[in-house]
Amino acid sequence: TKKDSIKQLLASTEYDREVTVRGWVRHRRGSKEVFFVHLNDGSTIQNIQIVVNASNLDSNVLNQITVGACLQVNGNLVASQGAGQSCEVQASDVVILGAADPEKYPIQPKKHSMEFLRENAHLRMRTNTFSAVFRLRHAAAYAIHQYFNERGFFYLHAPIITGSDAEGAGEMFQVTTLPLDNPPKNEEGKIDFKEDFFGQPTNLSVSGQLQGELAAMGLGLIYTFGPTFRAENSNTTRHLAEFWMIEPEMAFYEQEDNHNLAEDFLKYLIKYVLENCQDDLKFLDERFTKENNGKPTNERSEMGLLEKLEFVAANDFARVSYTEAINILLNSKPHKKKKFKFPVEWGIDMQSEHERYLVEKHFKKPVIVYDYPRNIKAFYMKQNEGEEEGRETVRAMDILVPGIGEIIGGSQREDDLEHLKTRMDEVGIPHHELEWYLDLRRFGSAPHSGFGLGFERFILFITGMANIRDVIPFPRTPGNARF
Ligand code: 4AD
Ligand code: MG
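Residues numbered from 1 in each chain as written. Chains lettered and ligands numbered in written order. Predicted model: local features only at pLDDT ≥ 70, side-chain atom pairs only at ≥ 80, totals over all residues.

By the naming in an unreviewed UniProt entry, the chain goes by Asparagine--tRNA ligase and is assigned to Microscilla marina ATCC 23134. Here is the UniProt Sequence similarities (unreviewed entry) comment for the chain, exactly as written: "Belongs to the class-II aminoacyl-tRNA synthetase family." Note on the chain: under the UniProt heading Catalytic activity (unreviewed entry), the record states "tRNA(Asn) + L-asparagine + ATP = L-asparaginyl-tRNA(Asn) + AMP + diphosphate + H(+)". (UniProt positions renumbered as here; feature names shortened; annotations may be inferred.)

Draft legend 1. Representation of the overall build of the chain. On a plain count of helices and strands, the chain comes out with 14 helices and 16 strands. In terms of its C-alpha atoms, the chain occupies a principal-axis envelope of roughly 85 × 60 × 45 Å. Looking at the chain alone, contacts between residues at least 24 apart form 68% of all its contacts between residues at least 6 apart. (Helix = DSSP H or I, 4+ residues; strand = E, 2+ residues; numbered from the N terminus. Contact = placed C-beta atoms within 7 Å.)

Draft legend 2. Expanded view of the confidence of the model for the chain. Scored by pLDDT, the chain comes out at a mean of 93, with 96% of its residues at no less than 70. Model confidence for the complex: the whole-complex pTM is 0.95, and ipTM, which rates the interface, is 0.99. (pLDDT = per-residue confidence, 0-100.)

Draft legend 3. Up close: the nonpolar core. Among the nonpolar cores identified, the biggest contains 84 residues, and Ala 140 and Ile 462 are the most heavily contacted of them. In contact with Ala 140, other than residues within four places in its own chain, are Leu 269, Val 273, Phe 458, Ile 459 and Ile 462. Among the nonpolar cores identified, the runner-up in size contains 21 residues, and Ile 6, Val 25, Ile 65 and Val 94 belong to it. (Core = buried A, V, L, I, M, F, W, Y, C linked by C-beta atoms within 7 Å. Buried ≥ 20, exposed ≤ 12 C-beta atoms within 10 Å, placed from the backbone.)

Draft legend 4. Structural view of the sheet that holds strand E8 (residues 174-175). Spatially, the three strands line up as an open sheet ordered E7-E9-E8, and their pairing is antiparallel. The open sheet has two free edges, formed respectively by strand E7 (161-162) and E8, since each of these has just one partner strand. Of the strand pairs in this sheet, E7 and strand E9 (residues 202-204) are connected by two bridges, and their pairing is antiparallel. Bridge pairing in E9 links Ile 161 to Leu 204. (Pairing = 2+ DSSP bridges.)

Draft legend 5. Spatial organisation of the domain arrangement of the chain. For the chain, the assigned domains read domain 1 (6-110) and domain 2 (126-171 + 206-470). Averaged C-alpha coordinates put domain 1 and domain 2 at centres separated by 44 Å. At the interface, six residues of domain 1 touch eight residues of domain 2. Of the residues contributing to the side of domain 1 that touches domain 2, the split by class is three nonpolar, three polar and no charged. (Domains from an automatic or database assignment. Nonpolar A, V, L, I, M, F, W, Y, C, P; charged D, E, K, R; others polar.)

Draft legend 6. Helix H9 (residues 322-330), seen in detail. Those residues of H9 not exposed but buried are Tyr 322, Ala 325, Ile 326 and Leu 329. Along the long axis of H9, the arc covered by the buried residues comes to 100°, so they all point the same way. (Arc of directions from axis to C-beta.)

Draft legend 7. Quick peek at the site of ligand 1. Around ligand 1 there are 23 residues in total, and Ser 207, Gln 209, Gly 409, Gly 452 and Gly 454 lie nearest to it. Among the secondary structure elements, those contributing two or more residues to the shell around ligand 1 are strand E11 (242-251), strand E15 (405-412), strand E16 (448-454) and helix H14 (455-463). The dominant element in the shell around ligand 1, judged by the number of residues it contributes, is E15, at six residues. In the shell around ligand 1, the residues fall into seven nonpolar, nine polar and seven charged. (Near = placed C-beta within 6 Å.)

Draft legend 8. Representation of the pairing of strand E14 (residues 393-401). E14 sits mainly inside the fold: eight of its nine residues count as buried. Strand direction decides the pairing type here: E14 and E15, joined by six bridges, are antiparallel. Bridged to Met 397 within E15 is Gly 410. The hairpin turn running from E14 into E15, its antiparallel successor, is three residues long, and Gly 403 in that turn takes a positive phi close to 85°.

Draft legend 9. Local environment of the sheet that holds strand E1 (residues 17-30). What the five strands build is a closed barrel, ordered E1-E2-E3-E5-E4; its pairing is mixed. Across the sheet, the axes of successive neighbouring strands diverge by a mean angle of 55°, strand direction being ignored. Across ten bridges, the pairing between strand E4 (residues 70-79) and strand E5 (residues 87-98) is antiparallel. Across the sheet, Asn 74 pairs through a bridge with Asp 93, a residue of E5. (Axes fitted to C-alpha atoms, helices over the stretch in contact; angles between N-to-C directions.)

Draft legend 10. The arrangement of the environment of Met 350 in detail. With respect to the helices, strands and loops of the structure, Met 350 is situated in the loop between helix H10 (333-336) and helix H11 (352-363). In this structure, the C-alpha to C-alpha distance between Met 350 and Ile 376, residues 26 residues apart in sequence, is 9.8 Å.

Here it is as structure tokens:
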């Protein structure tokens with residue numbers, strides 16, 4: 001038997017033929033004698049309508065056709081009489097593959113809170129919203145590989161367990177095989193990692209960048225795409241302890257090449273989902289419109305979702321230096337009237353209120369901010385030359401987008417051995433820990449740049465969802481690692 005998905009059946013125009021459909025009941029309405037079942041198999045946001053004539057079926061089967069049950073239906077595919085549906089199936093036989101007790105099944109056809117669905121995360125993929133989000137997540141991942149493949153980048157698999165701390169931010173999950181209740185100690189009383197399986201302290205990777213740089217200095221153009229881990233104990237709508245990051249690294253790219261690639265990349269991905277995921281985007285757009293009492297907006301954007309994505313794909317991003325950005329904030333109205341919670345001055349690490357002001361109030365579009373103060377950025381970023389003392393900057397860039405804030409962070413890398421060593425001394429990174437990284441500058445060094453796109457932040461942006469926990473199938477946040 002041919003197994004057509006519901007998506008394929010709905011697109012078909014070959015009517016009056018026997019088909020078999022399998023899926024989960026989303027909705028049931030009608031009389032006891034003749035009723036309509038909306039069946040969904042996940043292939044598309046649309047349900048297929050099954051017309052059931054009770055006289056054809058056993059009463060035991062009829063009673064189990066309830067929301068959440070999984071059915072196999074054999075029947076005739078016919079052009080639909082009703083509006084909005086191309087075709088429907090007139091059931092001749094229904095098999096209950098798995099019943100779902102209507103008294104107990106938690107996902108009913110009514111509006112559930114995101115909180116409730118997060119608690120029932122094992123069942124939330126059966127809702128329209130979450131299935132749309134995860135189909136979009138798949139499409140974006142596919143488009144990412146396609147983008148890089150078309151441009152001669154190689155997909156590099158960076159390690160997950162590593163002895164290096166790429167960001168120097170110290171927010172790492174430790175990995176060890178030593179018994180935690182009784183670890184071997186050295187003379188100083190510290191854990192003796194020599195007896196560990198790896199023979200050294202290891203952690204889960206916070207970023208594949210440094211390994212990406214190694215690869216770029218041989219393969220030229222590479223990208224990583226994998227999970228990364230940050231042991232930040234923060235409970236925000238933008239942070240996960242385990243998130244996916246895309247990190248391209250490019251030999252011979254300087255700062256502006258990096259900005260151009262990042263902007264082109266984001267626009268490509270947005271165009272891809274606009275072209276390939278219209279149904280799901282439309283559904284999400286309408287959902288947010290409804291939730292906002294008919295206003296064509298979601299809570300974090302002045303535009304509707306589709307309108308926002310089309311706008312971003314079609315318009316140049318703003319580009320400002322950090323220094324210009326600080327001046328904009330200093331002259332901003334909320335600053336004069338009601339000051340920002342965190343005061344603005346040159347040298348601060350911009351808080352999300354500052355970033356959101358820049359993108360949402362000032363520029364009203366994505367912004368690339370570059371040339372950040374040296375002291376607030378990672379050790380590996382290339383230093384700008386000839387700057388006033390106390391105002392030294394590095395060739396860092398962040399891309400900020402409406403509704404989210406930072407979505408990309410990157411930089412041109414320091415390719416000068418002496419500058420890099422000086423910087424490591426200043427921030428207290430022992431050279432011996434990163435000899436392999438320094439070797440890249442010893443042997444055949446080259447200008448190179450790269451950036452990291454937070455995959456879930458990007459999915460938040462394209463779906464309009466409000467909480468990062470709702471765009472990754474199994475969110476890892478403090479106190480959340482059930483399955
Ligand atoms: O700005 P970050 O920390 O930069 C890096 O890790 C660099 N090594 C990237 C590079 O140059 N190759 O992280 C990059 C992006 C952020 O802009 C953000 O989108 C996302 O990763 N991100 C997080 N997403 C979810 N949860 C977290 N805890 C995140 N931390 C960073
Ligand atoms: Mg960053």
